[in-house]
Amino acid sequence: MKDTKTKKICKYPFSYVELNKYGNLSCCCSAYTDDYFWGNIYRKPFEEIWNGKKAQAFRQDIMDGKYTRCIFDRCLGIDENHDMDYKKASLIAEYPETVNLSLDDTCNCHCVICRDKRKVLTKAKAEKLEKMIDTTFIPMLKNAKLLQMNGEGEVFASNFCKKLIKKAAHTYPKLKFELITNGTLCNERNLKELGITDRIFGITVSLHAATKETYEKFVRGAKFETTMKNIKYLNKLFKEGYFKELSLAYVITPANFRELPQFIELLNELEICGQLLEFRDWGEASEMNRNFKENDILDPNHPDYEEFAELLNNPVFNSKFCQMNDVIRNVQGKY
C-alpha cells in the first residue's frame, strides 16, 4: 500500500487513457496493471467506460491508497510528474488529458521481439477505424493536452494514424503529440507531411541494438544506417528545442544484452536518454514470446542471468542518460 499521508496519489486513473489494438481501454500501461481493462471501445461508448463501474472502482482503490492492481516494480512510480492532489480526485472524471492510441498494428518492419511478420490492417478493420476518427477518437480528445501514438505498430506506415494525427492537429491547435516509432520512416519528409514538427512533445525510437548486425537481426526489413541517420536528424531537432523529449528504447534479451554498454556509449555520444526495458510475455505475438522462458534473461534461473547481472555492474550504467525500472535495477549487484 502506498503511503497516503502526503495526500498525493497517482493521477493516471483520473487523467490518462490507453487503447490497445483490440480496443481494450485501460488507465495505464496494461503491463503495469496486469492487463486489467475497464472495457472495450468497440462494444461500449467511451463515456460509459471512462466513468463506468470498473473505472470508479479502480479510482476508489487508488484514493484509498491500496493500489491493488498496480505492479510497482514495473511502474516508474509516483513522482512530481505522475501524481495529483488527493483533494482533486473524484470517482467521476473529466475526459482525459493524455490519450494513448495503439489501435493499429500496421508496420513496415517486423521486429522479432513483437511479431513474426509484417502486419497490415484488413480492409474492414481499416474502414472501421477511419470511420471512428470523427465519431469516437476526435471527441475523446476534447480535454486532451497530449496524444500518444503508436505502441502497437509504426505511425508512419499507418494511414489511420496519419489521418487521425492530421485531423486532431487541425481540430485542437494546442494539442501536443508523442510518437513511438521504429525510426525507419521518421524522417524530415514524413514529419513535414504530418505538419506537427513544432508540436511534438517527444519521440521514442525502438532500437534494441548498438550494431548493424544485431539491429538488422532484430528489426527485420530495416537498415541500421537509415535508422541512425533519422535518429541524428531527430536529435538535431531536439537540440534545437522543437520537442522536449527524445529517447531510444532497448528491450533486453539473451541475443542483445552484451551490446548494452555500447548502447549506453551511444546515448552519451548523442546526449539523449535510453530506456532499458525487460522482455515481456505478450502471449503468442512472436516466436520469441512463444519461447518466453528462453528469452527472459531477468529470470534468475536463466543460463545468462549471472553474466547479465555482472554486466550491469559496469560503471557505464551510471550514465545520466541511462533509464531503467526496478525490475532491471534490482538485478544490479546480484553478483
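Each remark here, short or long, concerns the structure printed above.
Bear in mind the structure is a predicted one, so any value in this text is a computation, not a measurement. (Residues numbered from 1 in each chain as written. Predicted model: local features only at pLDDT ≥ 70, side-chain atom pairs only at ≥ 80, totals over all residues. Heavy atoms only, no water.)

Our next topic: the pairing of strand 8 (residues 146-149). What you see with strand 8 is no split at all: Leu146 and Gln148 on one side and Leu147 and Met149 on the other are buried throughout. In this structure, strand 8 lies alongside strand 9 (residues 176-181), joined through four bridges in parallel fashion. Bridged to methionine 149 within strand 9 is leucine 179. (Buried < 20%, exposed > 50% of the residue type's maximum accessible area, 1.4 Å probe, protein only. Helix = DSSP H or I, 4+ residues; strand = E, 2+ residues; numbered from the N terminus. Pairing = 2+ DSSP bridges.)

Attention shifts here to helix 5 (residues 159-171). With 13 residues, helix 5 ought to run about 18 Å at 1.5 Å a step, and its terminal C-alpha atoms sit 18 Å apart, in line with that. Of all the residues in helix 5, the buried ones are Phe160, Cys161, Lys162, Leu164, Ile165, Ala168 and Ala169. For helix 5, the secondary structure elements touched by its buried residues are strand 6 (98-101), helix 4 (123-140), strand 8, strand 9 and helix 6 (188-194). Residue serine 158 occupies the N-cap position of helix 5, its side-chain oxygen lying 3.4 Å from the main-chain nitrogen of phenylalanine 160. (Expected span 1.5 Å × (residues − 1). Contact = heavy atoms within 4.5 Å. Polar contact = N/O pair within 3.5 Å; in protein donor to acceptor, adjacent residues only side chain to side chain.)

Let us look at the packing of helix 4 against helix 5. The interhelical angle for the contact between helix 4 and helix 5, taken along N-to-C directions, is 30 degrees, at an axis separation of 10 Å. Put simply, helix 4 runs roughly parallel to helix 5. Crossing hand, helix 4 versus helix 5: right-handed. Across from Leu129, Glu130, Ile133, Asp134, Phe137 and Ile138 in helix 4, the residues of helix 5 making contact are Asn159, Phe160, Lys163, Leu164, Lys167, Ala168 and Thr171. Of the residues belonging to the contact of helix 4 with helix 5, the class tally is seven nonpolar, two polar and four charged. (Axes fitted to C-alpha atoms, helices over the stretch in contact; angles between N-to-C directions. Parallel < 35°, antiparallel > 145°, perpendicular 65-115°, else oblique. Left-handed = near helix turned anticlockwise from the far one by under 90°. Nonpolar A, V, L, I, M, F, W, Y, C, P; charged D, E, K, R; others polar.)

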